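Descriptive structure summary
What follows is the residue order along each chain.
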Amino acid sequence: MDTWIWILIIVIAIIISGIIAFLAGVSHRKKVAEAAIGSAEQEANRLVSDAIKTAEAKKKETILEGKDEIHRQRLEAEREINDRRKEVQRQERRIQQKEETLDKKLEHLEAKEEAVNAKNKKVEERLNEAEAVKKSQFEMLERISGFSMEQAKDYLLQNLESELVHEKAVKIREIEQQTKDEADSRAREIISLAIQRCAADHVAEAAISVVPLPNDEMKGRIIGREGRNIRAIETLTGVDLIIDDTPEAITLSSFDPVRREIARVALERLISDGRIHPARIEEMVEKARREVDASIKQAGEHAVIEAGVNGLHPELIKLLGRLRYRTSYGQNVLNHSLEVAYLAGIMASELGLDPTIARRAGLLHDIGKALDHEIEGSHVDIGVDVARKYKENETVIHAIHAHHGDVEAKTVIACLVQAADAISAARPGARRENLENYIKRLEKLEEVASSFDGVERCFAIQAGREIRVMVRPEVVNDERMLPLAREICKKIETDLDYPGQIKVNIIRESRAIEYAK
């Protein structure tokens, strides 16, 4: 018990001593803090006083700088104002000088205007006088000449028109002569060179229409019992067999040369074989048709190779081969097409053009003749349609279209094909026609030329290559001759079909006849 009391007393004593120690420490720290606060207040007072002094110095310095800046800006503003004032004064002086100059010019213009007005009045007075004089002169001229003003105008216009017609004809003649002089030598050179280099045969093959027989007994075998053999041949080939009194020969008649060739080949094989009956005829006709088709294709390929043309459609090659059995005025059309291809290619080379396209156009220019027996229309239109169908070059199509003048030639190739076609058709021995057609053509040529006013008589000469027209001198004067020749040419081109070209020669002569008594 006493022990716990002592322990409690000791604990209490310890607590009390701790409290006393704590209070002593707090008092000591308070004193230290108060001393620190006092020194801080003094330092703060010092800093504030220093800051106030620094601020006062800065304030004074800033005020001085501001005054200096204000003074400087004031000086600059005054200087700028002075400069502007001087510029304004200078502009005012310039404006004043311009106003003075304008005033002087205005006064000068007013003086000029017055002078011009005075001159205009004088001019009007003189014009009135001139009109009066002119009127009196016209009246005098009408009185002297006996013509009114309208009559005089008509008379002068007639004279002027006649003079212009004369001058126009002279000028046309001069220009044509100059053009011919320049072009003829070059054209002759090119054409002669092309003709020399074109080694074409002058005699073309003709389609065979007569089949020789070994003897006249063969005619009866060909006719057959009750005509069954001849009917079979005509039915299968589409060709008429003419069996007459001609010894040892049979004539084949058909508008289609290919059919006629098939019939000829089949008939020759039947005659050679000796067995002639409908079944054998059918077999031989079929073989002949295949043989002729192969021959046509081979002829077309040979022509393409010979002309040096590549990339042609197979159907066009076949049509070219068909031309081997087609003639025009006795001229083989395939040989003619090859001639035209050679000539056009040579002339194109001489002119610096592409000879390949020229040869192609020349080779195909008459391709329509292979189908003109089967399709309605001219061979030109048929050829254009066929060439367009098989995707030919537009230059070639245009050359085909223009080679007979159906349309105007717009390319040099088309002109070359025209020229080559005329050369091939017009050369000696190229074409022939029967006497009746020949006489009719020449009579029609003279009839066309005689249909014009002032033509006295005309004569077709040079086998229809030239027409000489004699005109009455009192109706056709020298100035009228050239237009008349052109009109006759146009009518010949419109109304006639002819190979090559026709020269129109106008002849006018004046004669004076008197008798001495």
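The paragraphs below set out a description of the structure included in this document. (Residues numbered from 1 in each chain as written. Predicted model: local features only at pLDDT ≥ 70, side-chain atom pairs only at ≥ 80, totals over all residues. Heavy atoms only, no water.)

**Notes on the overall build of the chain**
From N to C terminus, the chain includes 14 helices and eight strands. Split into buried and exposed, the 517 residues of the chain put 29% on the buried side. When contacts within the chain are restricted to residue pairs at least 6 apart in sequence, long-range pairs at least 24 apart make up 61% of them. Summed over all atoms, the accessible surface of the chain reaches about 35,000 Å², with 54% contributed by carbon and sulfur. (Helix = DSSP H or I, 4+ residues; strand = E, 2+ residues; numbered from the N terminus. Buried < 20%, exposed > 50% of the residue type's maximum accessible area, 1.4 Å probe, protein only. Contact = heavy atoms within 4.5 Å. Areas by Shrake-Rupley, 256 points an atom, 1.4 Å probe, with all protein chains shown as cover.)

**Considerations on the packing of helix 10 (residues 379–389) against helix 11 (residues 394–402)**
At their nearest, the axes of helix 10 and helix 11 sit 8 Å apart, and the two run at 170° to each other. Relative to helix 11, the element helix 10 lies roughly antiparallel. On the side of helix 10, the interface is formed by Val380, Asp381, Gly383, Val384, Ala387 and Arg388, while helix 11 contributes Ile397, Ile400 and His401. Looking at the contact of helix 10 with helix 11, its residues break down into five nonpolar, two polar and two charged. (Axes fitted to C-alpha atoms, helices over the stretch in contact; angles between N-to-C directions. Parallel < 35°, antiparallel > 145°, perpendicular 65-115°, else oblique. Nonpolar A, V, L, I, M, F, W, Y, C, P; charged D, E, K, R; others polar.)

**Side note on the pattern of salt bridges**
Summed over the entire model, instances satisfying the criterion amount to 22 salt bridges. What emerges from the salt-bridge pattern is a single network uniting Asp273, Arg275, Arg280, Glu283 and Lys287. (Salt bridge = Lys/Arg side-chain N within 4 Å of Asp/Glu carboxyl O.)

**So, the sheet that holds strand 8 (residues 503–508)**
The strand order across the open sheet built from three strands is 6-7-8, with neighbouring strands paired in mixed fashion. The sheet is open, and its two edges are formed by strand 6 (455–461) and strand 8, each paired on a single side. On average, adjacent strands in this sheet sit at an angle of 20° to one another, irrespective of strand direction. By the bridge criterion, six bridges tie strand 7 (residues 466–471) to strand 8 in an arrangement that is parallel. By the bridge assignment for strand 8, arginine 468 is matched with asparagine 505. Against the sheet, helix 14 (residues 478–495) touches strand 7 and strand 8, its axis set at about 150° to strand 8. (Pairing = 2+ DSSP bridges.)

**A few points about the nonpolar core**
Membership of the largest hydrophobic core comes to 44 residues, with the highest contact counts inside it found for Leu312, Leu320 and Leu363. Within the residue set of this core, elements represented by two or more residues are helix 6 (278–307), helix 7 (314–322), helix 8 (333–350), helix 9 (355–364), helix 10, helix 11 and helix 12 (412–426). Other than its neighbours up to four places away in sequence, leucine 312 contacts Val304, Ile317, Leu320, Arg360, Leu364 and Glu392. Val239, Leu241, Ile281 and Met284 belong to the second-largest nonpolar core, a separate cluster that totals 27 residues. (Core = buried A, V, L, I, M, F, W, Y, C linked by side-chain atoms within 4.5 Å.)

**Brief notes about the sheet that holds strand 3 (residues 249–253)**
Strand order in the open sheet made by the three strands is 1-3-2, with antiparallel pairing throughout. The open sheet is flanked by strand 1 (210–212) and strand 2 (240–242), the only strands paired with a single partner. Ignoring which end each strand starts from, the neighbouring axes of this sheet average 30° apart. As paired strands, strand 1 and strand 3 are joined by three bridges and run antiparallel to one another. From the neighbouring strand, proline 212 faces strand 3, where its bridge partner is alanine 249.

**Considerations on unusual backbone geometry**
With phi around 55°, glutamate 226 is a residue other than glycine that occupies positive phi space. Take glutamate 226: it is sitting in the loop between helix 3 (217–223) and helix 4 (228–237). Classification of glutamate 226 by relative accessible area gives exposed; the value is 71%. The backbone of lysine 391 sits at a positive phi, close to 60°, despite the residue not being glycine.

**Observations regarding the side chain of histidine 336**
With respect to the helices and strands, histidine 336 occurs in helix 8. In this structure histidine 336 comes out as buried when scored by relative accessible area, which is 2%. A distance of 2.7 Å separates the side chain of histidine 336 from the side chain of aspartate 421, its partner in a polar contact. (Polar contact = N/O pair within 3.5 Å; in protein donor to acceptor, adjacent residues only side chain to side chain.)

**Considering the packing of helix 8 against helix 9**
Their axes nearest at 7 Å, the elements helix 8 and helix 9 cross at an angle of 155°. Considering the angle they form, helix 8 stands roughly antiparallel to helix 9. Taken as a pair, helix 8 and helix 9 cross one another with a handedness that is right-handed. Judged by residue contacts, Ser337, Leu338, Val340, Ala341, Ala344, Gly345, Ala348 and Ser349 of helix 8 engage Pro355, Ala358, Arg359, Gly362 and Leu363 from helix 9. (Left-handed = near helix turned anticlockwise from the far one by under 90°.)

**Looking at a nonpolar patch on the surface**
Side chains of Trp4, Ile7, Val11, Ile15, Ile19, Phe22 and Leu23 sit close together on the surface and give an oily, nonpolar patch of about 740 Å² of accessible area. Inspection of the secondary structure puts valine 11 in helix 1 (residues 2–145). With a relative accessible area of 38%, valine 11 lands in the partly exposed category. (Patch = residues over 30% accessible without salt bridge, like charges linked within 9 Å, V, L, I, M, F, W, Y side chains within 5 Å.)

**Quick notes on helix 9**
Counting buried residues in helix 9 gives seven out of 10 residues, a clear majority hidden from the surface. Within the sequence span of helix 9, burial applies to Ile357, Ala358, Arg360, Ala361, Gly362, Leu363 and Leu364. You can read the cap of helix 9 off the contacts: a side-chain oxygen lies 3.1 Å from the backbone nitrogen of threonine 356, and it is on aspartate 354.

**A few points about helix 4**
Restricting attention to buried positions, one finds in helix 4 the residues Asn229, Ile230, Ala232, Ile233 and Thr237. The buried residues of helix 4 occupy an angular sector of 160° when projected down its axis, which confines them to one face. Looking at the buried residues of helix 4, the elements they touch are helix 3, strand 2, helix 5 (257–273) and helix 6. The positive-phi residue at the C-terminal boundary of helix 4 is glycine 238, with phi of around 75°. (Arc of directions from axis to C-beta.)

**Thoughts on a negative patch on the surface**
A cluster of acidic side chains, namely Glu99, Glu100, Asp103, Glu107, Glu110, Glu113 and Glu114, defines a negative patch on the protein surface. When you line up the elements, glutamate 113 lands in helix 1. (Lys, Arg positive; Asp, Glu negative; His and termini not counted. Charge placed at Lys NZ, Arg CZ, Asp CG, Glu CD.)

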